[in-house]
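# Summary of the model geometry
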Amino acid sequence: METYTLRPRPDARPDRRYRIDYAGELNGAQYEAATALEGSVLVIAGAGSGKTRTLVYRVARLVESGVSPGQILLLTFTRKAAEEMLRRAAALVGASCERVGGGTFHSFANVVLRRTARHVGLEPNFTILDRSDSEDVVNLLRSRAGLDRKDRRFPRKSAILEILSMAVNRAKPVADVLTESYAHLADHLEDLERLGLEYGRYKREKNLVDYDDLLVLLRDLLRDHPEVAAQLSRTYRFIMVDEYQDTNPLQAEIVRTLAATHPNVMAVGDDSQSIYSFRGATFRNIMDFPKAFPDTRIIKLEENYRSTQPILDLANAIIDQAAEKHTKVLRTRRADGPPPLLAQCNDEQAQSRFVCQRILELREEGVPLDEMAVLFRSSFHSFDLELELQRADVPFVKRGGFKFIETAHVKDVLAHLRIIANPRDAVSWHRVLLLLEHVGPRTADDIFTHVAPAADVESAAERLAGYPRRGAYTKELGRLAALLGEIAPDPLPPGEKVAKVVGFYAPMLRHLHPEDFPKREKDLEHFATIAGRYRSLASLLADMALEPPTDSVGDVLAADVEEGLLTLSTIHSAKGLEWNTVFVIWLVDGRFPSYQNLHDGEEIEEERRLLYVAVTRAKEHLYLSYPIDIYDRSSGMVLGQPSRFLADLPDGVLAGLQVVDEVGFR
């Protein structure tokens, strides 16, 4: 269809007066972005640079410039983000902003597909499956295919769905997803591919779509029906995409196609905060935006409103070493502040004690607990710290992973140890017995009744081995009895007891959790390391029995409930958040970056960006720490060097701190 362009009226005044003083409300770069209305624009928004404010004022500027709100499309990654931006825009220029097309990619796809369902083989009343519904469908098909037999260790429904979803979001075959992320499930490739086909067929027959289908079908609609793409493009003449560094290939393709009849696309994001490749996001989208949209105007928001300049100097130095980037230099008017500190600790326990002690000192100096956070690359990195915080009665909440003693596999290992400490512990006996193949609740109860009269662990092990009823479980009972007899003697150190239990439990772990056992094994290796620091099993179990602080901190003495909680978080779960004080722990080469990624250039670069995200969460105080002489069981390596991301930094951006014990401390 041809277009017809209306010329400005002869009396139109080029110096249109706006109600909002944009130049007064925004800094120079924000003003440039908010008033760049025509053409393709890439806004590189550094951490804490007022990205949301800029988007809000651009919506307001478009509306004040005479653009109908219905011609504006604002795509975000959460509905809450879109609603908040449009609410703020409406407060500036009126309720008409509520007519702006705003929401997530998925909600936008749903709206479009309801109107055009038959173009993609659906009826308009299609049902959207949520995650739980999708897992139930996969489980049904898994059962129909005979993949739920007990003699086969086939992945569970959640893992199957995760793999199929990754394939869609990464735009890769299932085989590639297994190779990259689930190598231990490679033997199941054919069955997983067949399940994927059956899952697709089932949804089509029942007029169902899942979250991934919404994006796939919208992409297919726009690609295969140019007239629909053109109509949508004429409807939405101004497109804005927030957090563009987090888009996947599907989403980038959708954005390109929506701009079929015009170049008016503004992408806002920060390539230095692209850290979600495991979800399918690709760093290439934001780097290649100028190629996808020729004549792109690049605007950089570099003034930071969060952190002090010493913190930003470190962040700039870390990301300056990136192999590929849209170069930017963060700056702030808050020039003064304490320098970031790199604390060298003799071991993991010293690192935990340092963090805990410094948190309590800062609290006494007036920094509330809820204004402090401890960040780490992987969830298990905080296990020892959690125990130290418990001892000090410091209440905390953990984001991005279970607390240490809440994990099923750690509880399973602890149950074996508790039997050693107390042979009459019925709860632990039942937990351990139910791990054995062919042992159900009634059999477990009968076995416990048989061993209960034993006076000590050695006697209990003998009675277990001599359990009179014979069955498929008899051999398993013999193995368990042998283990209990082996780890019962007091002289055996707790670390060795744990290591032997972990060795016994490993085959069960693989059977119980076939989809993610490598990650759980890593947790247990770390547990064995922690146990090695204890002199007695009783002291280990006493620390483990302490209920870790949770959101309900009614009887915690160290802090008022009103004061809030300390945050422990993986860095991935901390993106977008900020605290007065941030600790980043385990900055030892081999853990951050992980030794598993040392030979993968793209993974190394993503881990560098991960550290950049962690550092830019801090407003006033920033502490980095690493333990030395750490033996990594899985790799057989001794780790002791600070992260390579901290090497070759300019002088003065990172001060050193040696953590030492007080003389006579034991």
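One structure accompanies this document, and this report is about it. (Residues numbered from 1 in each chain as written. Predicted model: local features only at pLDDT ≥ 70, side-chain atom pairs only at ≥ 80, totals over all residues. Heavy atoms only, no water.)

### Some words on the overall build of the protein
Looking only at helices and strands, one finds 27 helices and 17 strands in the protein. Its C-alpha atoms give the protein a radius of gyration of 29 Å, near enough to 26 Å, the size a compact globule of 666 residues would have. Structurally, the protein occupies a C-alpha span of about 100 × 65 × 45 Å along its principal axes. When each of the 666 residues of the protein is scored for burial, the buried share is 53%. Summarising the internal contacts of the protein: among those between residues at least 6 apart in sequence, 77% fall at separations of at least 24. Accessible area of the protein: about 30700 Å², with a carbon and sulfur share of 49%. (Helix = DSSP H or I, 4+ residues; strand = E, 2+ residues; numbered from the N terminus. Rg over C-alpha atoms; globule rule 2.2 N^0.38 Å. Buried < 20%, exposed > 50% of the residue type's maximum accessible area, 1.4 Å probe, protein only. Contact = heavy atoms within 4.5 Å. Areas by Shrake-Rupley, 256 points an atom, 1.4 Å probe, with all protein chains shown as cover.)

### Some thoughts on the pattern of salt bridges
One pass over the full model with this rule turns up 47 salt bridges. The salt bridge involving Arg-131 is made with Glu-135; its shortest N-O contact spans 3.6 Å. Taken together, the positions of Arg-131 and Glu-135, both in helix 6 (residues 131-144) and 4 residues apart, correspond to about one turn of that helix. The residue Arg-363 makes a salt bridge to Glu-364 at a minimum N-O spacing of 3.8 Å. Arg-363 sits in the partly exposed class, given a relative accessible area of 24%. The exposure class of Glu-364 is exposed, given its relative accessible area of 64%. Where salt bridges share partners, they join Lys-51, Asp-242, Glu-243, Asp-246 and Lys-575 into one cluster. (Salt bridge = Lys/Arg side-chain N within 4 Å of Asp/Glu carboxyl O.)

### Regarding the state of the cysteines
Overall, the coordinates contain 0 disulfides when judged by the stated rule. No disulfide involves Cys-345; its sulfur sits 13 Å from the nearest other cysteine sulfur, which is in Cys-356. Note on Cys-356: relative accessible area 4%, which makes it buried. (Disulfide = S-S within 2.5 Å.)

### Quick word on helix 6
Over its 14 residues, helix 6 runs 20 Å from end to end, which matches the ideal 20 Å to within 8%, given 1.5 Å per residue. Within helix 6, the full set of buried residues consists of Ser-134, Glu-135, Val-137, Val-138, Leu-141 and Arg-142. Axial view of helix 6: buried residues confined to an arc of 160 degrees, hence all on one face. Its buried side turned inward, helix 6 meets helix 7 (157-169) and helix 9 (189-206). (Expected span 1.5 Å × (residues − 1). Arc of directions from axis to C-beta.)

### As for the sheet that holds strand 7 (residues 265-269)
In space, the 6 strands of this open sheet follow the order 3-2-6-7-1-8, with parallel pairing throughout. Looking at which strands have only one partner, the edges of the open sheet turn out to be strand 3 (101-104) and strand 8 (297-301). The sheet shows a mean angle of 15 degrees between the axes of neighbouring strands, taken without regard to direction. Inspection of the sheet shows strand 6 (residues 238-241) paired to strand 7 by 3 bridges, in the parallel sense. (Pairing = 2+ DSSP bridges. Axes fitted to C-alpha atoms, helices over the stretch in contact; angles between N-to-C directions.)

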